[in-house]
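Chain and residue survey
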Amino acid sequence: MSEATTSEFDKSKVYVTYCDGIGCNASTKGALNMAKLGFQVKELMGGLDWWKRDGYETKGQQGVPGTEVVCGC
């Protein structure tokens, strides 16, 4: 990530970085890079694996039903 590749991102929003599972550290590296660029960022600990195990919904072609999360941002 760089200023050039994130130039169209809205810095007033909070971004969430995530990996597939607990064994990956790309979300940590991504969160650090985004924070250095001045973004508000959170990391989803445990990645999508734990998200689904905790019963939360995912969307898309391989989405799974579960508890819907609605942002009150």
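Our structure's up above, just so we're on the same page.
In what follows, the accompanying structure is described. In every chain, residue numbers begin from 1 and rise along the written sequence. Selection of residues for local features in this predicted model requires a pLDDT of at least 70, selection of side-chain atom pairs for listing and counting requires 80 or more, and totals for whole chains, interfaces and linings are taken over all residues. To obtain the side-chain values, all non-hydrogen atoms of the structure were included, while hydrogens and water were left out.

Bringing the side chain of Thr 6 into the picture now. In DSSP terms, a helix is any run of H or I states spanning at least four residues, a strand is any run of E spanning at least two, and both are numbered starting from the N terminus. Structurally, Thr 6 can be placed in the segment before strand S1 (14–17). In this structure, Thr 6 is in contact with Met 1, Leu 37 and Phe 39, ignoring residues within four places of it in sequence. We call two residues in contact whenever any of their non-hydrogen atoms come within 4.5 Å of each other.

Any two strands between which DSSP finds at least two bridges are classified as paired. For S1 and strand S2 (residues 40–43), the ladder comprises four bridges, and the chain directions are parallel. Note on S2: the bridge partner recorded for Tyr 15 is Val 41. Seen with its strands pointing away from the viewer, a crossover is right-handed if its path from the first strand over the helix to the second goes clockwise. In this fold, S1 hands off to helix H1 (residues 26–36), which returns the chain to S2; that crossover is right-handed.

We now examine the packing of aromatic side chains. In summary, the pairing rule links any two rings of Phe, Tyr or Trp, Trp by its six-membered ring, whose centres are within 6.5 Å, and it sorts them by plane angle into stacked for under 30 degrees, edge-to-face for over 60 and tilted for everything else. All chains considered together, the criterion is met by four aromatic pairs. Summarising the aromatic geometry, the rings of Phe 9 and Tyr 15 are spaced 5.7 Å apart at their centres and angled 25 degrees between planes, so their arrangement reads as stacked. In this scheme, a residue with accessible area under 20% of its type's maximum is buried, one over 50% is exposed, and one in between is partly exposed, where area comes from a 1.4 Å probe on protein chains only. Phe 9 sits in the partly exposed class, given a relative accessible area of 38%. Under the relative-accessibility criterion, Tyr 15 is labelled partly exposed at 21%. Between Phe 9 and Phe 39, the ring centres sit 6.1 Å apart and the planes meet at 65 degrees, which makes this aromatic pair edge-to-face. Pair noted here: Phe 9 is in the segment before S1 and Phe 39 is in the loop between H1 and S2, with a separation of 30 residues, a long-range link.

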